[in-house]
Amino acid sequence: MSSSSPSPPPEILVVPFFGQGHLLPCTELCKHLAARNLKATLVISSNLSSSIPSSLRGHHPLLRIAEIPSSPPPPAEPGSDPMEAHRAHHAQLAQGLEDMLAPRPGDPSAARPACAVLDVMMGWSGEIFAKHRIPTVGFFTSGACSSAMEVAVWKAKVEDLKPGETRQLPGLPEDLALTASDFKRRPHGPPHLRGGGGGRGGRGPPNRGSGPPRPMGVPGPKFMGPPGPGQQPPWVEESGGWIAMLFHTCAELEGLFLGYLAGQVSKPVWGVGPLLPEQYWKLAGSLLHDREIRSNRPSTVTEDEVIQWLDSKPHGSVLYVAFGSEVGPTAEEYPELAAALEESTRPFIWAIQYGAGRRGPPKTFLGGSPGSDEDEDEGYFPHGLDKKVGERGLIVRGWAPQLLILSHPSTGGFLSHCGWNSTVEAIGRGVPFLTWPIRGDQYYNSKLVVDHLKIGHVVSEDMSKNFARDDIAKGIERLMSDEGARERAARIRAVFEHGFPASSVAALDALKDFIISKTAASS
C-alpha cells in the first residue's frame, strides 16, 4: 500500500511598502500566518534588509524573507520631479517581482503561491500577480476609520462645506460629522511639496496633495497621498481585483468601520490586529522593554535611565512628546514646541529624531538607519532647554523606547502625530492624546481619537497654519488636566488587557480557511 506525502502548506507572499509604519505590521502578520501553518514569505527590497530584526530570521520554519535586489533612489535634484527617483525604485521592485514569479522550467517543486497580501501602497503590483494568476488580498497598515472616512467623504461629495456648516456622513457615527476645518491641512515640507499627502500611516514620500498621477505604464502608486474632498480614494479601483481586505486593527476598537467598509466593497473585510509585538500582548499590565522587542538605534539615553527618570515622577504626570521617524513639525514649529514645554509646569519626555526640523524629506525614507547621517545633518535640537527645565524634562536624541514609556504608570499623556502604529500602541496602554497630525491618514486618526473615542484633544482647531507656543501650551494643559479623557482611555485599555484581541484571532483563522478554500477551488 503506497502512502502519499502530506501536501506542503500554502505559501502567502506579504509585500510591504517601505517605511517602519508599513514594515513592522507586515512582519507581525507574517508571524501570525506562520503560526497557522501557512508558509509566510516577506518580500522586501534588498535595501530594507538592515531594517529587518535579526530575531525575525529563523523565527519560525515557515517564515522566510525574500529580497529583491534594489538600491535606494538618490535625492531629487532641485527643480526636478521629486517622484522620479521613487518611480525608478518601484520599477526595480516590479522587475524583481516578475523575476520571482516567473516559471522555473524543470523545477516541479516550484508551486505557485496561494495568494499575495499587498500593502495598499503596493496595490499597483496587483497587475503583476494577476498576470501570474495569483490572487491578491489588500492590506491596510492603517486603521479602518481613516479608510471608511475616505470612502464616505467621496460618496457624500463633501467638497463645498462653508464655514460653520456641519455635514453628516451616511453610515458613520454622528460624532464624525465634518466641518470645513476638517479639510484644512498644515504646511509640511519645502514649499513646492506642501499640500498634505504621504503614504498610509503617514509614512510615504512627500507629494503634491493627491498627485500628480504616475505616467501610464510606469510602476508605482497612481497617487502618493490621500484623496482630496470629492475624490475617489486611490485604493478603491485596485480593490476590485482583491479577494479580501485586511486592516491593522480589531473589531473591538473599530468594528463599526470594518462593517461599513465590508458593506461598501462586498467582499470579506477583516481586522487582524493591532499587529504589535507578541510581548505587547503578553505583558498587557506590565512594563515593556523595547530592547527585548525591537532593535536598538542610536540614542542619547539608555532604557535604564528612562526608567529611573520615570520612576521619580508622580503617577500619570508625564507628557510624552514624539513624532514619527519620518515626519515631524515644520522647522518653525520646533522652537515654539520647545518654548511651550519650557513654560509648562508638566514633566515631559521629548524624543527628537535625528534630522528633525530639516527642510525636505528624510534621507531615511527608503530603509536607511535613522541616525546614520547625524554628523552631516543633525537638524533641530533645543540646546539649553535641558538646563532650563532641569529634572522636569528628559530630552532624548534619536531612538526612544516608546513602548516602555507608554506602558509606564507615570506617563499621563502623549503628544503625537497620530501615525497608526503609535496610535494603537498608546490606546492599548490607556494613554490619552494631544494630537498633532501632519499628513496622510493622521488627520482621520486624530478625529477618531478626539471626536469618536473622546480620549484626547487637538493642539489647535486651525490646522492650516503653523502651531504657536500658546496653542501648544494651552493644548498641553487641556490634555493633562482632563480626567474624563483619562478615564475613557483606561476603559478602552481594559479591552486589551486580556491579550491579542479575540476578534483578530478569529479573523486570522477565517483568513486561513478562506485561502485554503480558494486554493482547493483553483487546483
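If you're wondering where the values come from, they're calculated on a predicted model, not measured in any experiment.

Re the packing of helix α4 (residues 144–155) against helix α13 (residues 442–452)
Next up, step 1: Contact geometry of α4 with α13 gives a least axis separation of 8 Å together with a crossing angle of 105 degrees. Taken together, the axis directions place α4 and α13 in an arrangement best described as roughly perpendicular. Contacts from Cys145, Ser146, Met149, Glu150 and Val153 of α4 reach α13 at Tyr444, Asn445, Lys447 and Leu448.

Digging into the sheet that holds strand β2 (residues 39–45)
Next up, step 1: Pairing is parallel across the open sheet formed by 7 strands, whose spatial order is β3-β2-β1-β4-β5-β8-β9. Single-partner strands in this sheet number two, and they are β3 (63–68) and β9 (269–271). On average, each strand axis in the sheet is tilted by 25 degrees relative to the strand beside it, whichever way the strands run.
Next up, step 2: Here strand β5 (residues 136–140) runs beside strand β8 (residues 242–247); their pairing, made up of 5 bridges, is parallel. In the strand pairing of β8, phenylalanine 139 is matched with leucine 246.
Next up, step 3: Relative to the sheet, helix α2 (residues 84–101) contacts β1 (11–15), β2 and β3, its axis offset from that of β3 by approximately 125 degrees.
Next up, step 4: The sheet strands contacting helix α16 (residues 502–522) are β1, β4 (115–119), β8 and β9, and the helix crosses β9 at an angle near 140 degrees.

What to know about the sheet that holds strand β14 (residues 433–435)
Next up, step 1: Spatially, 6 strands are ordered β12-β11-β10-β13-β14-β15 in an open sheet, and the strand pairing comes out parallel. Looking at the sheet topology across the chains shown, the edges are occupied by β12 (393–397) and β15 (456–458). Ignoring strand direction, the axes of neighbouring strands in this sheet form an average angle of 15 degrees.
Next up, step 2: Both strand β11 (residues 348–352) and β12 contribute to a ladder of 5 bridges, which runs parallel. Across the sheet, isoleucine 352 pairs through a bridge with arginine 397, a residue of β12.
Next up, step 3: Helix α8 (residues 303–311) contacts β10 (318–322), β11, β12 and β13 (411–416) of the sheet and is inclined by roughly 155 degrees relative to β11.
Next up, step 4: Docked against the sheet, α13 engages β14 and β15, running at close to 130 degrees with respect to β15.

Thresholds, definitions, all that
- Residues numbered from 1 in each chain as written.
- Predicted model: local features only at pLDDT ≥ 70, side-chain atom pairs only at ≥ 80, totals over all residues.
- Heavy atoms only, no water.
- Axes fitted to C-alpha atoms, helices over the stretch in contact; angles between N-to-C directions.
- Helix = DSSP H or I, 4+ residues; strand = E, 2+ residues; numbered from the N terminus.
- Parallel < 35°, antiparallel > 145°, perpendicular 65-115°, else oblique.
- Contact = heavy atoms within 4.5 Å.
- Pairing = 2+ DSSP bridges.

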